[in-house]
Amino acid sequence: GAFWISLAAFLWAKDAGLYAMAQEIDMCIYFCVWGAFTGLLWIITFKINKCLVVVFGTLTLLFFLLAIGEYSTGVHKAAGYVGLLCGASAIYTGYA
């Protein structure tokens with residue numbers, strides 16, 4: 001929930017003009033920070049269920065691809081496919 005709340009607040013502040021110097025680099029940094037945090041969680045999952053390793057591994061990859069995707073439409077499209085894989089693995093993990 002924290003990701004979605006912070007993303008909504010970030011985009012709302014950007015659209016409301018609360019900070020004038022918002023650029024693409026801001027979203028890149030935002031996704032990189034979440035990618036680093038998720039990467040740490042991914043390392044923790046190595047001792048737990050292997051399905052969670054896949055979920056957090058693909059989620060980490062997704063965040064870094066989204067960061068790079070701010071500058072490349074091809075990478076942004078690839079991030080969409082990784083997001084689908086991440087979602088499908090999360091659903092599988094939920095049922096497993």
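Refer to the structure presented above.
In what follows, the accompanying structure is described. Owing to the predicted nature of the structure, the values given are computational and were not obtained by experimental measurement.

1. A word on helix H1 (residues 2-16)
So, step 1. Taking 1.5 Å of rise per residue, 15 residues should cover 21 Å, and H1 covers 21 Å from first to last C-alpha, within 8% of that figure.
So, step 2. Taken as a whole, H1 has its buried residues at Phe 3, Leu 7, Phe 10 and Ala 13. For H1, the arc enclosing every buried residue in end-on projection is 135 degrees, short of the 170-degree limit, so these residues lie on one face. Within H1, the exposed residues directed more than 90 degrees away from the buried face are Trp 4, Ile 5, Trp 12 and Asp 15.
So, step 3. Two residues or fewer after H1 comes Gly 17, characterised by a positive phi angle close to 75 degrees.

2. Considering the environment of Ser 6
So, step 1. Summarising the element assignment, Ser 6 is placed in helix H1.
So, step 2. Relative accessible area serves as the criterion here: at 24%, Ser 6 is assigned to the partly exposed category.
So, step 3. Separated by 24 residues in sequence, Ser 6 and Tyr 30 place their C-alpha atoms 9.6 Å apart.
So, step 4. Reaching out from Ser 6, the side chain makes a polar contact with the backbone oxygen of Phe 3 at a distance of 3.0 Å.

3. Points about the environment of Phe 10
So, step 1. With respect to the element layout, Phe 10 can be found in helix H1.
So, step 2. On the basis of relative accessibility, which here comes to 17%, the residue Phe 10 falls in the buried class.
So, step 3. Remark: the alpha-carbon pair of Phe 10 and Tyr 30, spanning 20 residues in sequence, is separated by 9.1 Å.
So, step 4. In this structure Phe 10 touches Tyr 19, Asp 26 and Met 27, once residues within four positions along its chain are discounted.

4. Some details on the nonpolar core
So, step 1. Of all hydrophobic cores here, the largest spans 15 residues; its most connected members are Phe 3, Met 27, Tyr 30 and Phe 31.
So, step 2. Mapped onto this core, the elements with two or more residues apiece are H1, helix H2 (24-44), helix H3 (50-69) and helix H4 (73-95).
So, step 3. Discounting residues that sit within four places of it in the chain, Phe 31 has contacts with Phe 3, Phe 63, Leu 66, Ala 67 and Glu 70.

Here is what the cut-offs are and how they apply
- Residues numbered from 1 in each chain as written.
- Predicted model: local features only at pLDDT ≥ 70, side-chain atom pairs only at ≥ 80, totals over all residues.
- Heavy atoms only, no water.
- Helix = DSSP H or I, 4+ residues; strand = E, 2+ residues; numbered from the N terminus.
- Expected span 1.5 Å × (residues − 1).
- Buried < 20%, exposed > 50% of the residue type's maximum accessible area, 1.4 Å probe, protein only.
- Arc of directions from axis to C-beta.
- Polar contact = N/O pair within 3.5 Å; in protein donor to acceptor, adjacent residues only side chain to side chain.
- Contact = heavy atoms within 4.5 Å.
- Core = buried A, V, L, I, M, F, W, Y, C linked by side-chain atoms within 4.5 Å.

So far we have only geometry, and geometry alone does not tell us how the molecule works.
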